[in-house]
Amino acid sequence: MREQAPEAMRETVREYVRAVHTTYLDHVRHLPPAVRAALPLVAAADVTVIAAAARRLHLVATTDSLPAPRGPEVVVVDEYGGTRWTLRFYDPSVLPELGILADDAPDGVRRVLGVGDTVYHLTVAVGGGLTAHHAQHSGVALANLHTKTTREIDRLRAALPRQVGLVDELGTCVRVGLDRAAALLAADLTAGRVSPAPGSTADSCLEAVLREVTGR
């Protein structure tokens, strides 16, 4: 299959991100206003989606501030339903470190980008993965994950008012998929009473802490 020209590929990525966001926002429209407003993609006043081309395409949405674009950097702004986002494109010609990563694991890509506060991180196969159907599936999955995580983190914050900082870190781990970090936080939050087995997902770590702390 012939590769797309850079301009066409950027437009394909733009449409993919727009489909993810519009699906997400439409999916949560039925929620109570306060619940909807607390969701990461809705709550963020200024979201930047970084399209980072390593071995795969990484779409990293962050509330971190990025420097003004320079040279060949491309920036696109979109909006839907009152939520506004800026899409920025990085590849090895703009950020050479992306081209020398030993692998393109999500945490390695975020480290190269210098991103800390992550709303979501999607990894997409270039070509067949950049379809409207795949974007819609990702949007629904993100919305469901964020809704579930927000409710569970709120319950945990109420149960552990003196440890809200660690609770919020656990919520970030669940959103981004930092399984090992979530396991360590689960142990910290429960004084070792919860000790997730190797390979436990961040989501299961949160559920285990909730069961331990709330008894349900």
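Throughout what follows, the structure given in this document is the object of discussion. (Residues numbered from 1 in each chain as written. Predicted model: local features only at pLDDT ≥ 70, side-chain atom pairs only at ≥ 80, totals over all residues. Heavy atoms only, no water.)

1. Some points on the layout of surface pockets
Part 1: Approximately 470 Å³ is the volume found for the largest pocket.
Part 2: Along the wall of the largest pocket there are 21 residues; nearest its centre are Pro6, Met9, Arg10, Ala53 and Asp91.
Part 3: Of all elements in the fold, only helix H1 (6-27), strand E1 (47-53) and strand E4 (83-90) reach the threshold of two or more residues within the lining of the largest pocket.
Part 4: The biggest single contributor to the lining of the largest pocket is H1, with 4 residues.
Part 5: Across the lining of the largest pocket, the residue classes tally to 14 nonpolar, 2 polar and 5 charged.
Part 6: For the second largest pocket, the calculated volume is near 310 Å³. (1 Å grid on protein atoms, 1.4 Å probe; cavity = no way out; pocket = protein on both sides within 12 Å on 5 of 7 lines; lining within 4 Å. Points joined across faces, edges and corners; volume = space filled by probe spheres on them. Helix = DSSP H or I, 4+ residues; strand = E, 2+ residues; numbered from the N terminus. Nonpolar A, V, L, I, M, F, W, Y, C, P; charged D, E, K, R; others polar.)

2. Description of the pairing of E1
Part 1: For E1, a buried count of 6 out of 7 residues is recorded, marking the element as mostly surrounded by other parts of the structure.
Part 2: Alignment of E1 against E4, held across 6 bridges, turns out to be parallel. Note on E4: the bridge partner recorded for Ala52 is Tyr90.
Part 3: Here 6 bridges tie E1 to strand E2 (residues 57-62), and the two strands are oriented antiparallel to one another. When the bridges of E2 are listed, Thr48 appears paired with Thr62.
Part 4: Turn length for the E1-E2 hairpin, with the two strands adjacent in sequence and antiparallel, is 3 residues. (Buried < 20%, exposed > 50% of the residue type's maximum accessible area, 1.4 Å probe, protein only. Pairing = 2+ DSSP bridges.)

3. Examining the environment of Tyr24
Part 1: Relative to the elements of secondary structure, Tyr24 occurs in helix H1.
Part 2: Residue classification places Tyr24 among the buried positions, given a relative accessible area of 0%.
Part 3: Along the sequence, Tyr24 and Asn144 sit 120 residues apart, while their C-alpha atoms lie 8.6 Å from each other.
Part 4: Ignoring any residue separated from it by four or fewer positions in sequence, one finds Tyr24 in contact with Leu39, Pro40, Leu41, Val42, Gly139, Leu142, Ala143 and His146. (Contact = heavy atoms within 4.5 Å.)

Bear in mind that shape data such as this cannot, by itself, settle questions of function.
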